[in-house]
Amino acid sequence: MEIHIKEAAEKIGLPAHTLRYYEQEGLLPFIKRDEHGNRIFNESDLLWLELIICLRKTDIPLSELRAIVELTKEGDSTALQRKQILEKHKEKMMEKKRDLDDAFSKIELKIGYYDEIEKNYNKERLNKSSLVK
C-alpha cells in the first residue's frame, strides 16, 4: 500500500504541513518520492509516524527524536543506544507523572472543599426559605 501525503495525514490525524515539517526536521528519512517528487508513504512509514506522534505527546525533544532516527539509519547495532534514549525519556515522563498525580490530588481536594461550601450554602438557603414561609 502506497499513499500520498494527504491520505497519510488523514490516516494519522495530523495536518499535511506537520508531516512535511517532520520530514524537514529529519524525522522521516525513509519517505520515498514518486516520479513527480510527491511523497509516497507505505505502511512502515505510517507506523513510524504513529511512534513519532506518541513520543511527541510525551514532550520528547525533537533532538532526541533526531538522534533515534540517525541511530536507526545505522542499523540494529545501535538498538542499545536507542533503548537508552527511550529509557531516559521514560524516566522524565515518570517524574512528570508523579508531579501531575500530586497536582491532581490537590485539585481533587480543592473540588471537595468547594463541594462542602456549596452544600453548606444550599443548606443555609433552604433553611432561610423555610423560615420565611
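So, here is what we can say about the structure in this document. (Residues numbered from 1 in each chain as written. Predicted model: local features only at pLDDT ≥ 70, side-chain atom pairs only at ≥ 80, totals over all residues. Heavy atoms only, no water.)

Regarding the environment of Phe41
Going by this rule: Strands are runs of DSSP state E lasting at least two residues, helices are runs of H or I lasting at least four, and both sets are numbered from the N terminus onward. Burial status follows relative accessibility: with a 1.4 Å probe on protein chains alone, a residue under 20% of its type maximum counts as buried, one over 50% as exposed, and anything between as partly exposed. Contact criterion: two residues are considered in contact whenever any of their non-hydrogen atoms come within 4.5 Å of each other.
Here Phe41 shows up in strand 3 (residues 39–42). Of the residues examined, Phe41 reaches a relative accessible area of 1% and is grouped as buried. Residues Phe41 and His89 lie 48 residues apart in sequence; the distance between their C-alpha atoms is 28 Å. Not counting residues within four places of it along the chain, the set of residues in contact with Phe41 comprises Met1, Glu2, Ile3, His4, Ile5, Ala8, Leu19, Leu28, Ile31, Leu46 and Leu49.

Quick word on the nonpolar core
Nonpolar side chains in soluble globular proteins tend to be buried together. The cut-off we apply is this: Among buried residues, those of type Ala, Val, Leu, Ile, Met, Phe, Trp, Tyr and Cys that are joined through side-chain atoms within 4.5 Å constitute a nonpolar core.
The biggest cluster of nonpolar side chains holds 25 residues, and the ones touching the most others in it are Leu28, Phe41 and Leu49. Those elements giving two or more residues to this core turn out to be helix 1 (5–12), helix 2 (16–24), helix 3 (43–57) and helix 4 (62–74). If you tally residues by element for this core, the top one is helix 3, at 6 residues. Leave out the neighbours within four places in its chain, and Leu49 touches Ile12, Leu19, Tyr22, Leu28 and Phe41.

Focus: unusual backbone geometry
Despite not being glycine, Asp59 shows a phi value in the positive range, around 65°. Mapped onto the elements of the fold, Asp59 is located in the loop between helix 3 and helix 4.

Notes on the packing of helix 1 against helix 2
As a reminder, the rule being used: Axis geometry follows a simple rule: fit a line to the C-alpha atoms, using only the stretch in contact for helices, then measure angles between N-to-C directions, giving values from 0 to 180 degrees. Convention used here: angles under 35 degrees read as roughly parallel, angles over 145 as roughly antiparallel, angles from 65 to 115 as roughly perpendicular, and any remaining angle as oblique. Basically, the charged four are Asp, Glu, Lys and Arg, the nonpolar ten are Ala, Val, Leu, Ile, Met, Phe, Trp, Tyr, Cys and Pro, and anything else, Gly included, counts as polar.
Across the interface, helix 1 lies against helix 2 with an axial gap of 8 Å and an inter-helix angle of 105°. In terms of axis orientation, helix 1 runs roughly perpendicular to helix 2. Counting all contacts with helix 1, which are made through Ile5, Ala8 and Ala9, the residues of helix 2 involved are Ala16, Leu19 and Arg20. Split into classes, the residues belonging to the contact of helix 1 with helix 2 amount to 5 nonpolar, no polar and 1 charged.

Looking at the pattern of salt bridges
Going by this rule: The rule for a salt bridge is simple: a side-chain nitrogen of Lys or Arg has to be within 4 Å of a carboxyl oxygen of Asp or Glu.
Applying the stated criterion to the full structure yields 10 salt bridges. With a closest N to O distance of 3.1 Å, Glu23 and Arg33 form a salt bridge. Taken together, the positions of Glu23 in helix 2 and Arg33 in strand 2 (residues 32–33) put the pair 10 residues apart, joining distant regions of the chain. In this structure, Lys73 engages Glu70 in a salt bridge whose closest nitrogen and oxygen atoms are separated by 3.2 Å. Note that Lys73 and Glu70 are positioned in helix 4 at a spacing of 3 residues, about one turn of the helix. Taking the relative accessible area as the measure of exposure, Glu70 reaches 40% and is therefore partly exposed. The network of salt bridges with shared partners includes Glu23, Arg33 and Arg39.

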